[in-house]
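Overview (structure and organization)
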Amino acid sequence: MERIQGAAETHVLILPFPIQGHINPMLQFSKRVACKGVKVTLITFSDKQFTKGEDGLVSFESISNTSEESRKDMGVDDRMKKFQDTVRVKLPEIVAKHGESGFPVSCLIYDSMMPWALELARKIGISPASFFTQSCAVCAIYYAVHEGKLNIPIDDQASVSLEGMPPIEVYDLPSFVYDMDKYPGALSHLASQFLNIGEVDWIFYNTFDILEEEVVSRMESKCPIRLIGPTIPSMYLDKRLEDDKDYGLNLFQPNTETCMEWLDTKETCSVVYVAFGSIAALGEKQMEELAQGLNMSNYYFLWVVRESEEKKIPRKFVQETSEKGLLVTWCPQLRVLAHRSVGCFMTHCGWNSTLEALSLEVPMVAMPQWTDQPTNAKFVADVWKVGVRVKVDAEGTVRKEEIEKCLRQVMEGETANEIRKNSQNWKKLAKEAVEEGGSSDKNIEKFVEELKCSSNVTK
Ligand SMILES: O=c1ccn([C@@H]2O[C@H](COP(=O)(O)OP(=O)(O)O[C@H]3O[C@H](CO)[C@@H](O)[C@H](O)[C@H]3O)[C@@H](O)[C@H]2O)c(=O)[nH]1
């Protein structure tokens, strides 16, 4: 697809929450919008060095937040407040600057986790749009909490029945719903995404019609959501955005060459890829079981253990498994998933990782840790049937025997064949959604038309 030249008069600001799993989908959506002739500027916050993509479709504007050093001493609430205060001051300055330089901003697309940005956008005189980075099913659960339709705290034994969803057991719900005491304040924060949703001009969900059909129609009856996903770099699906192979902003440095060279030496579908996203922290006991489970399975494995987690790797594990495994602190996940040698993805089921595996037809072993991940794992195993989900023991640990068993189920035999077939089908459907005339493509097209119309009206 060619970028529309000379039409970039309409200007949109994108405000992601500054963590990897939230930046990636909003940046990818930015590229899709920019391709349709809109100027898009994405706000970044890190004082770390970003690795920027080279596509040039999207401009970046950096707001310096508190330095990492001073953030260390702050609690979560103080950090969030500081972040909000910074945005409240800087965002109007950015909008004013662009207005003066001839590119007035007409819309602010903010992460739904920051509902306060709506009022800010209105104050500056631009249209607010909210972008949800989690699945529609997860949003529907938080919406039910917001509406008071889900009785909380949840009774441990009960299974939950929600319109448009398969029967959900307690431990399929987001952890903030079933384990409220452990995360005080988290559930009310997530339900607050919907407090002012009726006043937003556009609502975007990173999913696609057929993937969550029933729950999507339930949500559509509540608010006018627009499905624009999956937000996977174009070269992995429709290939219309030339060179769009990567998200383009890495908060962690990937060990790209090491990973790709190592994968190149392995047979097709022989490697288990293990990664738990950018936030999840496994307990030491769990790391030990996982390490032993991988070792017992005897498959090759590529395991991402972030720097902050490295101290939990069992002693001598790296030396003892050097023939079979490679451990890295971060990898180019999309390139890894797309590599022919990767046979399965052991994942925490963050929504991006889930959509990436689904779009690249990589079977999953779902090992959810917290937040929305248990619900995504439920859909992976029981609804889309593109993987299996591990069982935890009475202490909440996934034991090595269970890990070995699940890996085997997904890598070889009858279940593995079924899963592979289903995965192929989902890849096809994901591609159809984003290619020209597909459901998500049409939704983006429609948004851009509406945006251009509203910009012309205000000119
Ligand atoms: O070595 C790695 C590991 C991950 N990634 C990328 O990092 C992103 C991780 O996103 P995700 O899988 O969604 O996990 P989290 O980073 O944990 O994301 C947070 O945000 C998501 C969206 O709201 C939620 O679904 C998750 O539960 C929450 O933890 C993905 O795009 C991966 O491709 C890499 O590039 N290299």
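Notes on the structure follow. (Residues numbered from 1 in each chain as written. Predicted model: local features only at pLDDT ≥ 70, side-chain atom pairs only at ≥ 80, totals over all residues. Heavy atoms only, no water.)

1. Things to note about the layout of surface pockets
- In this model, the second largest pocket occupies a volume close to 830 Å³.
- Looking at the lining of the second largest pocket, the elements that each hand over two or more residues are helix H6 (175-178) and helix H14 (373-383).
- Top element by residues in the lining of the second largest pocket is H14. It accounts for four residues. (1 Å grid on protein atoms, 1.4 Å probe; cavity = no way out; pocket = protein on both sides within 12 Å on 5 of 7 lines; lining within 4 Å. Points joined across faces, edges and corners; volume = space filled by probe spheres on them. Helix = DSSP H or I, 4+ residues; strand = E, 2+ residues; numbered from the N terminus.)

2. Points about the side chain of Lys400
- Mapped onto the secondary structure, Lys400 falls in helix H15 (residues 400-411).
- On the accessibility criterion, Lys400 (19% relative accessible area) is buried.
- Leaving out residues up to four positions away in the same chain, Lys400 has contacts with Glu289, Gln292, Gly293 and Met296. (Buried < 20%, exposed > 50% of the residue type's maximum accessible area, 1.4 Å probe, protein only. Contact = heavy atoms within 4.5 Å.)

3. Some words on the sheet that holds strand S10 (residues 225-227)
- The strand order S4-S2-S1-S5-S6-S9-S10 describes an open sheet built from seven strands, whose pairing is parallel. The outermost strands of the open sheet, each flanked by one partner alone, are strand S4 (59-62) and S10. Taking the axes of each pair of neighbouring strands and ignoring which way they run, one obtains an average angle of 25° across the sheet.
- Judged from the five bridges that link them, strand S1 (residues 11-15) and strand S5 (residues 105-111) form a sheet pairing that is parallel. Across the sheet, the residue bridging to Leu15 is Tyr110, located in S5. (Pairing = 2+ DSSP bridges. Axes fitted to C-alpha atoms, helices over the stretch in contact; angles between N-to-C directions.)

4. Quick look at empty space enclosed by the protein
- Inspection of every chain in the model, using the stated rule, returns three cavities of 30 Å³ or more.
- Its volume calculated, the largest cavity comes out at about 100 Å³.
- Lining the largest cavity are Ala275, Phe276, Gly277, Ala280, Leu282, Met287, Trp303, Val304, Val305, Arg306 and Glu309.
- A per-class count over the lining of the largest cavity returns eight nonpolar, one polar and two charged.
- Taken as a whole, the second largest cavity encloses approximately 50 Å³ of empty space.
- Lining the second largest cavity, in full, are Arg32, Ile228, Pro230, Thr231, Val434, Ser440, Asp441 and Ile444.
- Take the lining of the second largest cavity: its biggest share by element is three residues, from helix H17 (residues 439-458). (Nonpolar A, V, L, I, M, F, W, Y, C, P; charged D, E, K, R; others polar.)

5. A few points about the sheet that holds strand S13 (residues 300-304)
- The sheet built from six strands is open, its strands ordered S14-S13-S12-S15-S16-S17 with parallel pairing. If you trace the sheet from one side to the other, it starts and ends with strand S14 (325-328) and strand S17 (387-389), each paired once. Pairwise comparison of adjacent strand axes, ignoring direction, gives a mean angle of 15° for this sheet.
- In this structure, strand S12 (residues 271-275) lies alongside S13, joined through four bridges in parallel fashion. Note on S13: the bridge partner recorded for Tyr273 is Leu302.
- Most of the contacts of H15 go to strand S15 (residues 342-347), to which it runs at about 140°, and overall it touches S12, S15, strand S16 (364-366) and S17.

6. Details of the side chain of Thr397
- In this fold, Thr397 is placed in the loop between S17 and H15.
- We classify Thr397 as buried; its relative accessible area is 9%.
- Apart from residues lying up to four places away in sequence, Thr397 is in contact with Lys285, Gln286, Glu289, Lys391 and Val392.

7. As for the pattern of salt bridges
- For the structure shown, the criterion picks out 28 salt bridges.
- Between Asp238 and Arg32 there is a salt bridge, with the nearest N and O atoms lying 2.8 Å from each other. Residue Asp238 is located in the loop between S10 and strand S11 (249-250), and its partner Arg32 is located in helix H1 (residues 20-35); the two are separated by 206 residues in the primary sequence.
- You can call Arg32 buried: its relative accessible area is 9%.
- For the salt bridge of Asp85 with Lys81, the shortest nitrogen-to-oxygen distance reads 2.9 Å. With Asp85 and Lys81 both in helix H3 (residues 76-100) and four residues apart, this pair spans about one turn of that helix.
- Here Asp85 falls in the partly exposed class, since its relative accessible area comes to 33%.
- Each of Arg32, Lys36, Asp238, Arg240, Asp441 and Glu445 takes part in a single network of salt bridges with overlapping partners. (Salt bridge = Lys/Arg side-chain N within 4 Å of Asp/Glu carboxyl O.)

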